[in-house]
Amino acid sequence: NSICQASVTSNSADVVVTAKPTITTEPESKTVPRGSSVSLNVTANGQNLRYQWYRNGQPIAGATAATYAIASAQNSDAGTYHVVVSNDCGTAQSRQVTVTVTDQPTPVLELSRSAVTFGGIRVGVIDSARLVIYNRGTAPLHVTAASITGADAAMFSIVVVLPATISPGDSIAATATY
């Protein structure tokens with residue numbers, strides 16, 4: 001200094017500049033079948049980052065990581081999600097994304113007849129009836145076996161080429177013989 005004509009040099013010091021977080025990769029909207037897993041992810045830059053995920057504007061308890069995962073999505077998991085990333089300098093909010101939960105694609109078997117009546121048949125005469133097996137569902141139907149049950153099942157036979165895969169909206173034919 002100018003009064004004492006002396007100077008002192010201090011030890012060096014490191015200066016760390018901390019900025020508020022910035023989101024570099026936003027989460028994406030997802031459509032998933034009921035019962036399947038789904039993950040929402042965010043990537044952010046910054047020091048000492050903290051995360052909080054929200055569904056329909058409400059914080060999700062325990063959802064405090066860069067990834068929010070749902071192990072088995074149900075209708076109640078559908079909604080609008082976003083994440084807030086924070087540190088000591090501020091916050092950054094992701095865009096809002098939608099999780100849609102759909103019905104699991106399933107096959108639905110339908111027969112063209114619920115019962116087959118042959119009426120009176122003379123001894124030694126063979127009669128048959130055509131049956132159609134439909135897939136009214138939204139996923140392929142895999143048919144590996146067909147049988148007739150009941151008290152007189154031994155008097156019947158069924159002819160159908162199996163195994164068969166029936167696409168949604170498609171069908172195969174079978175013949176029941178008495």
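In the block above lies the structure referred to throughout.
Below is a short write-up of the structure.

Thresholds applied
Residues numbered from 1 in each chain as written. Predicted model: local features only at pLDDT ≥ 70, side-chain atom pairs only at ≥ 80, totals over all residues. Heavy atoms only, no water. Helix = DSSP H or I, 4+ residues; strand = E, 2+ residues; numbered from the N terminus. Rg over C-alpha atoms; globule rule 2.2 N^0.38 Å. Buried < 20%, exposed > 50% of the residue type's maximum accessible area, 1.4 Å probe, protein only. Areas by Shrake-Rupley, 256 points an atom, 1.4 Å probe, with all protein chains shown as cover. Lys, Arg positive; Asp, Glu negative; His and termini not counted. Charge placed at Lys NZ, Arg CZ, Asp CG, Glu CD. Core = buried A, V, L, I, M, F, W, Y, C linked by side-chain atoms within 4.5 Å. Contact = heavy atoms within 4.5 Å. Pairing = 2+ DSSP bridges. Axes fitted to C-alpha atoms, helices over the stretch in contact; angles between N-to-C directions. Salt bridge = Lys/Arg side-chain N within 4 Å of Asp/Glu carboxyl O.

## Quick look at the overall build of the protein
- Helices and strands together make up the secondary structure of the protein, namely zero helices and 16 strands.
- What you see for the protein is a C-alpha radius of gyration of 34 Å, clearly larger than the 16 Å of a compact globule of 178 residues, by over 25%.
- Expressed along its principal axes, the backbone C-alpha trace of the protein runs to roughly 135 × 30 × 25 Å.
- When the 178 residues of the protein are sorted by exposure, 26% land in the buried category.
- Counting every atom, the protein has about 11,700 Å² of accessible surface; 50% of that belongs to carbon and sulfur.
- For the protein, the distance from the average site of its 10 positive side-chain charges to the average site of its 10 negative ones is 5 Å.

## As for the nonpolar core
- Counting 18 residues, the largest nonpolar core has Leu40, Trp53, Ile60, Tyr68, Ile70, Ala73 and Tyr81 as its most contacted members.
- Breaking this core down by element, the ones donating at least two residues are strand S3 (38-41), strand S5 (50-55), strand S7 (67-70), strand S8 (79-87) and strand S10 (97-102).
- Beyond its immediate sequence surroundings of up to four residues, Tyr81 is in contact with Leu40, Tyr54, Arg55, Ile60, Tyr68, Ile70, Arg95, Gln96, Val97 and Val99.

## Comments concerning the sheet that holds strand S11 (residues 109-111)
- Strand order in this open sheet of four strands is S11-S12-S16-S14, and the pairing throughout is antiparallel. The strands lining the two open edges of the sheet, one partner per strand, are S11 and strand S14 (157-159). Averaged over all pairs of adjacent strands, the angle between their axes in this sheet comes to 25 degrees, without regard to strand direction.
- For strand S12 (residues 128-135) and strand S16 (residues 171-177), the ladder comprises seven bridges, and the chain directions are antiparallel. Looking across to S16, one finds that Val132 is bridged to Ala173.

## As for the pattern of salt bridges
- The full count for this structure, using the stated rule, is four salt bridges.
- In this structure, Glu28 and Arg95 form a salt bridge, with 2.9 Å as the shortest nitrogen-oxygen distance. Here Arg95 lies in the loop between strand S9 (90-93) and S10 and Glu28 lies in the loop between strand S1 (22-25) and strand S2 (30-33), a separation of 67 residues in the sequence.
- Judged by relative accessible area, Glu28 falls into the partly exposed class, the value being 47%.
- On the basis of relative accessible area, Arg95 is assigned to the partly exposed category, the value being 39%.
- Residues Arg34 and Asp103 are paired through a salt bridge, measuring 2.7 Å at the closest nitrogen-oxygen approach. Pair noted here: Arg34 is in the loop between S2 and S3 and Asp103 is in the loop between S10 and S11, with a separation of 69 residues, a long-range link.
- What makes Arg34 partly exposed here is its relative accessible area of 28%.
- You can call Asp103 exposed: its relative accessible area is 55%.

## So, the pairing of S8
- With eight of nine residues buried, S8 is to be regarded as a mostly interior element.
- Where S5 and S8 come together, six bridges link them in antiparallel fashion. Looking at the pairing, Tyr54 lines up with His82 of S8.
- Bridge count between S8 and S10: three bridges; the pairing is antiparallel. Residue pairing in the sheet places Gly79 in a bridge with Val99 of S10.
- The pairing of S8 with S9 spans four bridges and is antiparallel.

Nothing here speaks to function; it is all geometry.
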